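# A closer look at the structure
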Amino acid sequence: MSKAHVLIIDDNVKNVNVLANLLDDEDISHTEVTNPHRLEQTFESIEGVNLVFLDLEMPGIDGYQVLARIKSDERFNGVPVIAYTVHVSEIHAASQSGFDGVLGKPIDPDRFPDQIARLLRGEAVWTTT
């Protein structure tokens, strides 16, 4: 099996770095988008995404709008999109909007290896801690 590749979309560089380091520890490559205005450029150039982590609150656009954009792009057909948020109250809204799971910030580094393995196998993970 080829190495998994994850797309991280979050305007908070600190949060991106934490997630990127956890992915590095699991030998999972990643592309980071910290400027939501560069999404189209990234979508045009990226290939082979296995999973997307998407922040729900970004300047000028929210995660629900980005989710709609991802879901309308055939290059992302079948790619799970995980809400990555501090707002644990968003689980129901995320589920109703078509997200494939939720990971609450901050991510628990002890639980992350199991969570990412499950997500990459196509299993849903809905956790706030």
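Here's what I pulled together on the structure shown here. Within each chain, residue numbers correspond to sequence positions counted from 1 in written order. Local features in this predicted model are restricted to residues whose pLDDT is 70 or higher, and side-chain atom pairs enter the listing and the counts only when it is 80 or higher, whereas totals over whole chains, interfaces and linings include all residues. Neither water nor hydrogens contribute to the side-chain values; these are computed over all heavy atoms in the structure.

### Focus on the pattern of salt bridges
Between side chains of opposite charge, a pair can form as their charged atoms come close. Heads up, the rule is: Criterion for a salt bridge: a side-chain nitrogen of Lys or Arg within 4 Å of a carboxyl oxygen of Asp or Glu. Secondary structure counts use DSSP, requiring at least four H or I residues in a row for a helix and at least two E residues in a row for a strand, with both numbered from the N terminus. Exposure classes here rest on a 1.4 Å probe applied to the protein chains alone. A residue is buried below 20% of its type maximum, exposed above 50%, and partly exposed in between.
Summed over all chains, the structure comprises 11 salt bridges. For R75, the salt bridge is made with E44, and the minimal N-O distance between the two is 3.7 Å. Taken together, the residues R75 in the loop between α3 (63-71) and β6 (81-85) and E44 in helix α2 (residues 39-45) connect sequence positions 31 residues apart. Looking at R75, the relative accessible area reads 38%, which means it is partly exposed. By sharing partners, the salt bridges in this structure join E40, E44, R69, D73 and R75 into a single network.

### Quick word on the packing of aromatic side chains
What counts, and what does not: Pairing of aromatic side chains here covers Phe, Tyr and the six-membered ring of Trp, requires ring centres within 6.5 Å, and sorts the geometry by plane angle: under 30 degrees stacked, over 60 edge-to-face, intermediate tilted. A ring is scored as having a charge over it whenever the NZ atom of a lysine or the CZ atom of an arginine sits within 6 Å of its centre and within 35 degrees of its normal.
On inspection of all chains with the given rule, the structure shows 3 aromatic pairs. Geometrically, the ring pair formed by F53 and Y84 is edge-to-face, given 5.9 Å between the ring centres and 65° between the ring planes. You can see F53 sitting in strand β3 (residues 51-54) and its partner Y84 sitting in strand β6, a full 31 residues away along the chain. Under the relative-accessibility criterion, F53 is labelled buried at 0%. By relative accessible area, Y84 is classed as buried at 2%. Over the ring of Y84 we find K105; its NZ or CZ atom is 4.7 Å from the centre of that ring.

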